[in-house]
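# Survey of secondary and tertiary structure
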Amino acid sequence: MDQNNLERLRSKYTESSTPQIEDPVFQEAASSAFDSEGRRQFPYGGLPTLLDFPHQPDLSELDIALIGVPMDLGVTNRTGARFGPRALRTIERIGPFNHALRVTPGKRERIGDIGDVPLQSRYSLNQSIADIEAEFRRLKAAGVRTLAAGGDHSVTYPILKALGADEPLGMVHIDAHCDTAGPFEGEKFHHGGPFRLAVLDGVLDPARSIQIGIRGASEYLWEFSTDAGMTVVHAEEVDALGIEAVIQQALEVIGSGPTYITVDVDGIDPAFAPGTGTPEVGGLTPREVQRVLRGLSSAQIIGGDVVEVAPQYDPSTNTAHVGAQMMFEILSLMVLTHRAQAQSP
């Protein structure tokens, strides 16, 4: 053993009662986690909020609003995603530091949980879609960026309608299903068709949209994706191409324009995320999805969502934990986007 190094370490660390942190990026992260007396908040204490950010309904105090969308009237299989926002709020120990992207979102932006979209009816899918669009238009008008917790995937359509009203958005979409089907049984609002509707409404640019992790027996429903010009990457293609190639493809597709990220937890293999309404075997791992998302750090990410967490099908809470982590990855990208825009001449 190097005795000189041992003495140096003893001198530096033995008597310290607070973390000895020298890296300025780590210092920023620690200042978000520890108070002035070196204490951290109990992860199991206090009121549960999305990603442990404070409840803050005052939009004038926010740059980014975390918001729940507890609606699952558009599902074709198992219900339960209406409980997704509540389940995600119970997850602790997510953040505050993203070690891969070296950013502490809460130290760079004013971020808060504003609660849930005020839905007027628990019975009407059409009314719920209208309510969601109205709320996200309100948030956009206030100059607040948004990160949402669904709800089934039908909720993404009214969000895109609100956020893409002035300029069509690009999209990175992690999912087992393309969700570009037509009406089912006379109903166009459902979780299997939000992106067809968004393209047809002119709020989503199909040429700047990539769908990753697609698989399963519903392939025959997704012809609209390729016909519209979306890029579809099947789960088995991810294996063949490799994650780095998928990241490069995604960056080429979305380009430099404003881009929305939507993560359906059924894009992740049910071995890791069984708590969802339409599980499909053979999906991505959580780490693969993290790598894809983190590879988008140079993109202009203006908002996002994580959807289809149905906690009653997963007593382990793993699905909610995975979903909350993906929300944090998207949040980190949103903060990096804003930082890059602020630093550009």
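Cut-offs applied
Residues numbered from 1 in each chain as written. Predicted model: local features only at pLDDT ≥ 70, side-chain atom pairs only at ≥ 80, totals over all residues. Heavy atoms only, no water. Helix = DSSP H or I, 4+ residues; strand = E, 2+ residues; numbered from the N terminus. Rg over C-alpha atoms; globule rule 2.2 N^0.38 Å. Buried < 20%, exposed > 50% of the residue type's maximum accessible area, 1.4 Å probe, protein only. Contact = heavy atoms within 4.5 Å. Areas by Shrake-Rupley, 256 points an atom, 1.4 Å probe, with all protein chains shown as cover. Lys, Arg positive; Asp, Glu negative; His and termini not counted. Charge placed at Lys NZ, Arg CZ, Asp CG, Glu CD. Salt bridge = Lys/Arg side-chain N within 4 Å of Asp/Glu carboxyl O. Pairing = 2+ DSSP bridges. Phe/Tyr/Trp six-rings, centres within 6.5 Å; stacked < 30°, edge-to-face > 60°. Lys NZ or Arg CZ within 6 Å of the ring centre and 35° of its normal. Polar contact = N/O pair within 3.5 Å; in protein donor to acceptor, adjacent residues only side chain to side chain. Core = buried A, V, L, I, M, F, W, Y, C linked by side-chain atoms within 4.5 Å. Axes fitted to C-alpha atoms, helices over the stretch in contact; angles between N-to-C directions. Expected span 1.5 Å × (residues − 1).

## A look at the overall build of the protein
Summing up its helical and strand segments, the protein has 12 helices and eight strands in all. At 21 Å, the protein has a C-alpha radius of gyration in line with the 20 Å of a compact globule built from 345 residues. Buried positions account for 53% of the 345 residues belonging to the protein. The contacts of the protein with a sequence gap of at least 6 include a subset with a gap of at least 24, amounting to 78%. Counting only carbon and sulfur atoms, one obtains 49% of the accessible surface of the protein, whose full area is about 15,600 Å². Treating the 28 positive side-chain charges of the protein as one cloud and the 46 negative ones as another, the clouds have centres 6 Å apart.

## Some points on the pattern of salt bridges
Inspection of the entire model under this criterion finds 15 salt bridges. For Glu135, the salt bridge is made with Arg138, and the minimal N-O distance between the two is 2.9 Å. On the criterion of helical spacing, the pair formed by Glu135 and Arg138 is a turn pair, its members being three residues apart in helix H5 (residues 125-141). Glu135 sits in the buried class, given a relative accessible area of 8%. By relative accessible area, Arg138 is classed as partly exposed at 42%.

## Some remarks on the pairing of strand E2 (residues 111-116)
The element E2 is largely enclosed, with a buried count of five among its six residues. Pairing between strand E1 (residues 64-69) and E2: four bridges, direction parallel. Across the sheet, Gly68 pairs through a bridge with Asp116, a residue of E2.

## Some remarks on unusual backbone geometry
Cis peptide bonds are those with omega within 30 degrees of zero, and the linkage from Gly95 to Pro96 qualifies with 10°. Counting through the fold element by element, Pro96 comes out in the loop between helix H3 (84-89) and helix H4 (105-108). Look at the link from Gly150 to Gly151: it is a cis peptide, with omega at 20°. Within the secondary structure layout, Gly151 lies in the loop between strand E3 (145-150) and helix H6 (156-163). A positive phi angle, close to 65°, is found at Asp52, a residue other than glycine. Along the polypeptide, Asp52 turns up in the loop between helix H2 (24-33) and E1. The class for Asp52 is partly exposed, based on a relative accessible area of 42%.

## A few points about the packing of aromatic side chains
The description of an aromatic ring pair uses the distance of the two centres, along with the angle that the planes make with each other. If you walk through the whole model with that rule in mind, you get three aromatic pairs. Judged by centre distance (5.7 Å) and plane angle (90°), the rings of Phe26 and Phe97 are edge-to-face. In this pair, Phe26 is assigned in helix H2 and Phe97 in the loop between H3 and H4, connecting sequence segments 71 residues apart. Since its relative accessible area comes to 38%, Phe26 is described here as partly exposed. Arg78 extends its terminal NZ or CZ atom over the ring of Tyr313, reaching a point 3.9 Å from the ring centre.

## Considerations on the side chain of Asp314
Summarising the element assignment, Asp314 is placed in the loop between strand E8 (300-307) and helix H12 (318-343). Despite its burial, Asp314 remains without a salt bridge, the nearest opposite charge being carried by Arg78 at 9.7 Å. A polar contact is formed between the side chain of Asp314 and the side chain of Thr319, at a distance of 2.6 Å. Excluding residues that lie within four positions of it along the chain, Asp314 makes contacts with Pro274, Gly275 and Thr319.

## A closer look at the nonpolar core
Counting 53 residues, the largest nonpolar core has Leu51, Leu66, Ile212, Ile261, Leu293, Leu296 and Leu331 as the members making the most contacts within it. If one sorts the elements of this core by residue count, H12 sits on top with 12 residues. Beyond its immediate sequence surroundings of up to four residues, Leu296 is in contact with Val172, Ala250, Leu251, Ile261, Ile301 and Leu333. Counting residues in each nonpolar core, the second largest holds 35 residues, with Leu139, Leu163, Val203 and Tyr260 among its members.

## Observations regarding the sheet that holds E3
Paired through backbone hydrogen bonds, the strands of a sheet run either parallel or antiparallel to each other. The eight strands lie next to each other as E2-E1-E3-E8-E7-E4-E5-E6, forming an open sheet whose pairing is parallel. Each edge of the open sheet carries a strand with a single partner, namely E2 and strand E6 (231-234). For this sheet, the mean angle separating the axes of adjacent strands, direction not counted, is 15°. Examined bridge by bridge, strand E4 (residues 169-174) and strand E7 (residues 258-264) share five bridges and lie parallel to one another. When the bridges of E7 are listed, Val172 appears paired with Ile261. In the packing of H5 onto the sheet, the strands contacted are E1, E2 and E3, and the crossing angle to E1 comes to about 170°.

## Brief notes about H5
Taking 1.5 Å per residue as the helical rise, H5 with its 17 residues ought to reach 24 Å, and the 24 Å between its terminal C-alpha atoms agrees with that figure. Listed in full, the buried residues belonging to H5 are Leu125, Ser128, Ile129, Asp131, Ile132, Glu133, Glu135, Phe136 and Leu139. Between the side-chain oxygen of the N-cap and the backbone nitrogen of Gln127 there are 3.0 Å, and the N-cap of H5 in question is Ser124. Within two residues after H5, Gly143 carries a phi angle of roughly 75°, on the positive side.

Honestly, that's just the spatial picture; any functional story needs more than this.
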